[in-house]
Amino acid sequence: MISIVVPTLGRPSLAVLLDTLAGQVGELPDPEILLVDDRRESTGELPVPGALAAYTKVLTGPGAGPAAARNLGWRAARSPWIVFLDDDVVPAADWCRRLLADLAAGDLIGGVQGVVRVPLPAHRRPIDWERVTAGLAEGDWITADMAYRRAALADAGGFDERFPRAYREDAELAHRVRRAGWELVRGARTVTHPVRPESRWVSLRTQRGNADDALLRRLYGRYWRTDLRLPPGRRHRHVAVTASGALALAATGLRAATGGAPRAALGALATAGALGWLAGTAEFARARIAPGPRTPGEVTTMLATSALIPPLAVTHWLRGWWHSRGECPGTGS
């Protein structure tokens, strides 16, 4: 028996996922599909195809984010293997057959990750948001398609619900599963993860994840990125750019309010801060513009967001650091 858990906000992509599963779920022994409706206010029935009706149960989620929704799903499941799928992936036509092969794993294997493919435009370079989404294909243990033994989930305590976003909660769980003595491996089944349409300002909204990074730093110490196998970030650069900008503004304000000799020194400080901010912002913008299509609209968006992201990232980090001040290292769920 295999249980498939899909937390959802009722996005149109869910219908595509379920239609794809409907054509092949019969290949699984005694399958179970658990849809966790995590909408704060339900707007109607979920689009369960008739072919899946006998296998599917809809659970009402707490509206507290994907970690809490997945916990509700796997704890209600009946199978020794729980497969987590995001509601915006499309399984390959042979996904169920390959899933069976992936789960024929040794007793020490606690989880098996599927292969995630992100289709990118063939006629142009990808924009920033498309490149960010494409990074999922290289991610470790992401729950776009991740199967866990129930025993491994129980040993680790499930997802940590202090992480309210679809950000880091899967890597943090994988770390605790490995720490509990289980091995994680990659399988051969494949899902496609299309790039969903987003506002040109999506990169500003995603900076909220810095608050979750601050919590991870509290829980796992200074080497949290290495321990959780996460790529290096730009936080130190963002801090330097933000500090330079703050210095320039503060020195300019004080210079306007001060007479005499301090004006020259404050002017020099303002200039140094402004140059530091400009250099850091230009470097960040260039790093984001160079691999992209370099259209006027994309360049304008990258310039604007590259100026706004550093202070936003630092603000969210500080907010997360403050809110997690009571947490101690080693207190992961």
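Located above this text is the structure these notes cover.
Let me sum up the structure you'll find in this document. Here the structure is a predicted model, which means the values were calculated and not measured. (Residues numbered from 1 in each chain as written. Predicted model: local features only at pLDDT ≥ 70, side-chain atom pairs only at ≥ 80, totals over all residues. Heavy atoms only, no water.)

**Brief notes about helix H12 (residues 296–323)**
Since the α-helix packs 3.6 residues into each turn, any two residues three or four apart lie on the same face.
Reasoning step 1: Taking 1.5 Å of rise per residue, 28 residues should cover 40 Å, and H12 covers 40 Å from first to last C-alpha, within 8% of that figure.
Reasoning step 2: Bending of H12 peaks at approximately 35° at the position of Ile309, with proline Pro310 no more than four residues after it.
Reasoning step 3: Among the residues of H12, Glu298, Thr301, Met302, Thr305, Ser306, Ile309, Pro310, Ala313, Val314, His316, Trp317 and Gly320 are the ones counted as buried.
Reasoning step 4: Along its buried surface, H12 packs onto helix H4 (128–134), helix H7 (202–205), helix H8 (209–220), helix H10 (235–257) and helix H11 (262–289). (Helix = DSSP H or I, 4+ residues; strand = E, 2+ residues; numbered from the N terminus. Expected span 1.5 Å × (residues − 1). Bend = angle between axes of the 7 residues up to and from the residue. Buried < 20%, exposed > 50% of the residue type's maximum accessible area, 1.4 Å probe, protein only. Contact = heavy atoms within 4.5 Å.)

**What about the pattern of salt bridges?**
Reasoning step 1: Applying the stated rule across the entire model yields 25 salt bridges.
Reasoning step 2: Between Asp94 and Arg98 there is a salt bridge; the shortest N-O distance is 2.6 Å.
Reasoning step 3: Assessed through its relative accessible area of 33%, Arg98 is described here as partly exposed.
Reasoning step 4: Across the pair Asp102 and Arg189 runs a salt bridge whose closest N-O atoms are separated by 2.9 Å. With a gap of 87 residues between them, Asp102 in helix H3 (residues 95–102) and Arg189 in strand E8 (residues 183–192) connect regions that are remote in the sequence.
Reasoning step 5: The exposure class assigned to Arg189 is buried, which follows from its relative accessible area of 0%. (Salt bridge = Lys/Arg side-chain N within 4 Å of Asp/Glu carboxyl O.)

**Quick word on the environment of Val5**
Reasoning step 1: Within the secondary structure layout, Val5 lies in strand E1 (residues 2–8).
Reasoning step 2: By relative accessible area, which is 0% here, Val5 ends up buried.
Reasoning step 3: The sequence separation of Val5 and Asn71 amounts to 66 residues, and the corresponding C-alpha distance is 9.5 Å.
Reasoning step 4: Sequence-distant contacts of Val5, that is, excluding residues within four places in its chain, are made with Leu34, Val36, Arg70, Gly73, Trp74, Ile82, Val83, Phe84 and Leu85.

**Structural notes on unusual backbone geometry**
Reasoning step 1: Of note, Asp30 is a non-glycine position whose phi angle comes to about 50°, a positive value.
Reasoning step 2: Looking at the secondary structure, you find Asp30 in the loop between helix H1 (13–22) and strand E2 (31–37).
Reasoning step 3: Relative accessible area serves as the criterion here: at 46%, Asp30 is assigned to the partly exposed category.

**Quick look at the pairing of E1**
Reasoning step 1: Burial runs high along E1: seven of the seven residues are buried.
Reasoning step 2: Taking every second residue as pointing to the same face, both faces of E1 are buried, with Ile2, Ile4, Val6 and Thr8 on one and Ser3, Val5 and Pro7 on the other.
Reasoning step 3: Strand direction decides the pairing type here: E1 and strand E4 (residues 81–85), joined by four bridges, are parallel. When the sheet's bridge partners are listed, Ile2 is paired in E4 with Trp81. (Pairing = 2+ DSSP bridges.)

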